[in-house]
Number of protein chains: 2
Amino acid sequence: MKKPTIKDVAKAAGVSTATVSYALNGRTDKVSNETIERIKQIIETINYIPDFSARSLVKNQSKLIGIVIPQTESHKQLILENPFYSEIISGIEGKLREHGYHLLLSGVNQGESYLNLSVQRNLDGAIMMGIYPEQFYDGFKKIKIPIVLIDSYINDSYFKRIGIDDEYGGYLATKHLIDKGHSNIGLITGAIRKDGVVEKRFLGYKRAIREANFFYNPDYVFEDSMSYEHGMAAGKLIASKHPEITAVFATGDMVAFGAIRSLINEGKRVPEDISVIGFDDISMSKMFIPPLTTIRQSITEKGAVAAELLIHMIQGNGEQEANEVVLPLTIVERATVKALG
Amino acid sequence: MKKPTIKDVAKAAGVSTATVSYALNGRTDKVSNETIERIKQIIETINYIPDFSARSLVKNQSKLIGIVIPQTESHKQLILENPFYSEIISGIEGKLREHGYHLLLSGVNQGESYLNLSVQRNLDGAIMMGIYPEQFYDGFKKIKIPIVLIDSYINDSYFKRIGIDDEYGGYLATKHLIDKGHSNIGLITGAIRKDGVVEKRFLGYKRAIREANFFYNPDYVFEDSMSYEHGMAAGKLIASKHPEITAVFATGDMVAFGAIRSLINEGKRVPEDISVIGFDDISMSKMFIPPLTTIRQSITEKGAVAAELLIHMIQGNGEQEANEVVLPLTIVERATVKALG
DNA sequence: TTGTACGCGTTATCAG
DNA sequence: CTGATAACGCGTACAA
């Protein structure tokens, strides 16, 4: 048997579909309480479940939220291998569900646009991570979909933002190394792009260096991608070409893992010979051996707050709220940084 | 301006909506090629994008696939912290998208059922990981939603299954340790439940032990949850109470990480004092220090194949295909197992 | 409370 | 053979 519709309920209850609809939506002004009770009974027994497609069509809201995350080069796969993203998604999904929304997780094929998806599926909103070409943002503005940006420094009041003070984080990490007596401090980082988080962390690094009256040496920054592999490559370079470097700030934990690995491969001990500090505190960081000293941000909370902001925007309570939420940062000292001398 | 509908296209093209619909679906038997061309032009210029909700309503297919993954106790959050799940989701999403489907990622609130979601959203199919109460499976059968089970030993021809030979994997891991000269081999594992993957791995462990004519000692199996924390706890126990154990088989890589960590904390060296072998080969395993020796399965492929199976079922080509796909297993020797003596 | 038009796209039926 | 008309799927909300 096919699934029951609102008509079946109406028929069984001996009322009109309108009444059922009102009852369902708790419009006590439209239907008497007794009728509501009776209808609820019937819904129970025949096991009626409203169809979201139909609802979406008439109410023009899908209760569906999209999430835009970077993809692999080939655009074939999401980079969920990076635990940072999966943790944040966890946070988003939980909060969304709490408010009756669902999460549509999709990458985008070559050439196509996420905008298409948003329109097709009638997304009520979307959460974006990473930075993209400007036209990408413009597209969303044009179709008026509420957007929350995670870790973005795009300054446009159309979007709400949630992030951390990356510059301060970079400063904090570097300062920590300096306080421990290090002066030749390497930076291993993903691509430094304008308005990206990495740029800010880099800026913080430089500020700490300058503040300590050290010489900022561009040769000490190893910039490529935010990946384990790049960490490996940079670590190797440092071990072989820059033995004077005694400490490294990796702008992401995964990068730090790679660096530590190759440093050890090259015969260095961490932290005895060289200290490493990471950034993010993904769940793996405390499990790593040695446990990673890093700048902690609450990743799951970031996701949850992003979801909350978005829901407020969707429900129209967006104005009375801050355009930007900045989450706190702390340093968590574990076992990869050692005081010098 | 609001988004263009099929009517707008029809008006602009001077044809009926039916014609536009036919053109869109490439029904060359219904519309002349020229008309199709002209309509396509117009669609381009006014930027028309069909609405999936409307489509879903009439075609009764949503192009939406659900995915059921275990949740944390509180039912608040998905366990995406375990990279195993995120990697598999990566694989699923990529393949789904390739075929024009999208992924709905949702946990389930306390008391509610995933069935509700499936009906509401008109899911075309779902992929399930983990094992659940029987009624859960029955529900899906009742509403006739195609389901692919990942890592399940539920034997019911209604479902297609994708997995590995877990018993063999458990055997392989244990045998490897035995071949390296170990005889007192501990097992650290998640809950051993009937028809679960863990049970099979456990069985493989026992088979290898018996085959080698060793004594199977129940005291050597540390069963709790498939978590880093349990690995830690078990490792500590082994170090303190069972110094005679020289090798450990952890039925999941995360568990192995935890075990190694506490073993080291307790002053043991891995692998010099005690060997550890894991299971799964999540991407983190090769990054771990020391790199984890483990039983490798292609997690991403598992997801991709699951998606493919499901799509075939949905498209009705399910019968001509195997009910079960078993992916290969290999042992990857890294640095946590050492030959004895 | 109810009848019903409506939202959007599909498709069976009918006409040119 | 090309194209139009109209009913339909499901739930909502306005006018009565």
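Treat the numbers as computed from the prediction; the structure is a model and nothing was measured.

A. A look at the nonpolar core. Within the largest apolar cluster, 150 residues are counted, with the highest numbers of intra-cluster contacts made by Ile89 of chain A together with Ile89 of chain B. Residues within four places of Ile89 of chain B in sequence aside, it is in contact with Leu80 and Leu105 of chain A together with Ile67, Ile69, Leu80, Leu103 and Leu105 of chain B. In this structure, Leu117, Ile131 and Tyr137 of chain A together with Tyr114 of chain B belong to the second largest nonpolar core, which totals 36 residues.

B. Layout of the UniProt feature "domain: HTH lacI-type" (unreviewed entry) in chain A. In the numbering used here, UniProt assigns the feature "domain: HTH lacI-type" (unreviewed entry) to residues 4-59 of chain A. End-to-end, the C-alpha atoms of residues 4-59 of chain A are 21 Å apart, and along that stretch the chain is 68% helix and 0% strand.

C. Broad picture of the protein's contact with DNA strand D. Residues in close proximity to DNA strand D total 26 residues, the closest being Ile6, Tyr22, Tyr48 and Arg55 of chain A together with Thr19 of chain B. One of the side-chain N or O atoms of Thr35 of chain B is found 2.9 Å from a phosphate oxygen in DNA strand D. In terms of residues, the surface near DNA strand D owes the most to one element, helix H4 (residues 52-59) of chain A, which gives 4 residues. Within the surface near DNA strand D, the residues separate by chemical class into 13 nonpolar, 8 polar and 5 charged.

D. The arrangement of helix H8 (residues 166-179) of chain A in detail. All names here are of chain A. Over its 14 residues, H8 extends 19 Å from the first C-alpha to the last, a length consistent with the 20 Å expected when each residue adds 1.5 Å. Counting buried positions along H8 yields 11 of 14 residues, so the element is predominantly enclosed. Backbone geometry just downstream of H8 places Gly181 in the positive-phi region, at approximately 95°.

E. Seen up close, empty space enclosed by the protein. Summed over all chains, the structure comprises 3 cavities of 30 Å³ or more. Approximately 140 Å³ is the volume found for the largest cavity. Looking at the largest cavity, the residues that line it are Phe52, Ser53, Ser56, Ser62, Leu64 and Arg121 of chain A together with Phe52, Ser53, Ser56, Ser62, Leu64 and Arg121 of chain B. Elements with a contribution of two residues or more to the lining of the largest cavity: H4 of chain A together with helix H4 (52-59) of chain B. Along the lines of polarity and charge, the residues of the lining of the largest cavity split into 4 nonpolar, 6 polar and 2 charged. Approximately 60 Å³ is the volume found for the second largest cavity. Residue lining of the second largest cavity: Asp151, Ser152, Tyr153, Arg161, Ile162, Gly163, Ile164, Asp166, Val197, Glu324, Val325 and Val326 of chain B, and that is the complete set. Mapped onto the lining of the second largest cavity, the elements with two or more residues apiece are strand E5 (160-164) and strand E11 (324-327) of chain B. Here the element with the most residues in the lining of the second largest cavity is E5 of chain B; it accounts for 4 residues.

F. Local environment of the interface of chain B and chain A. Taken together, the contact between chain B and chain A spans 54 residues of the former and 54 residues of the latter. In this assembly, chain B packs against chain A so that about 5,000 Å² is buried in total across both faces, 58% of it on carbon and sulfur atoms. Taken as a group, Arg97, Arg121 and Ile289 of chain B account for 14% of the area that chain B buries against chain A, more than any other trio of residues on that side. Put simply, chain B and chain A have 0 salt bridges between them. Counting every contact that joins chain B to chain A gives 28 residue pairs in polar contact (both at pLDDT 80 or more). Among the secondary structure elements, those contributing two or more residues to the side of chain B that touches chain A are H4, helix H5 (83-98), strand E2 (102-105), helix H6 (114-120) and helix H11 (253-265) of chain B. Considering every element that reaches the side of chain B that touches chain A, the biggest residue donor is H5 of chain B, with 7 residues. A per-class count over the side of chain B that touches chain A returns 25 nonpolar, 18 polar and 11 charged. In this structure, strand E2 (residues 102-105) of chain A lies alongside E2 of chain B, joined through 3 bridges in antiparallel fashion. Bridge pairing in E2 of chain B places Leu103 of chain A opposite Leu105 of chain B.

So, how was this worked out
- Residues numbered from 1 in each chain as written.
- Chains lettered and ligands numbered in written order.
- Predicted model: local features only at pLDDT ≥ 70, side-chain atom pairs only at ≥ 80, totals over all residues.
- Heavy atoms only, no water.
- Core = buried A, V, L, I, M, F, W, Y, C linked by side-chain atoms within 4.5 Å.
- Buried < 20%, exposed > 50% of the residue type's maximum accessible area, 1.4 Å probe, protein only.
- Contact = heavy atoms within 4.5 Å.
- UniProt positions renumbered as here; feature names shortened; annotations may be inferred.
- Helix = DSSP H or I, 4+ residues; strand = E, 2+ residues; numbered from the N terminus.
- Near = heavy atom within 4 Å.
- Polar contact = N/O pair within 3.5 Å; in protein donor to acceptor, adjacent residues only side chain to side chain.
- Nonpolar A, V, L, I, M, F, W, Y, C, P; charged D, E, K, R; others polar.
- Expected span 1.5 Å × (residues − 1).
- 1 Å grid on protein atoms, 1.4 Å probe; cavity = no way out; pocket = protein on both sides within 12 Å on 5 of 7 lines; lining within 4 Å.
- Points joined across faces, edges and corners; volume = space filled by probe spheres on them.
- Buried area = accessible area lost by both parts, 1.4 Å probe.
- Salt bridge = Lys/Arg side-chain N within 4 Å of Asp/Glu carboxyl O.
- Pairing = 2+ DSSP bridges.

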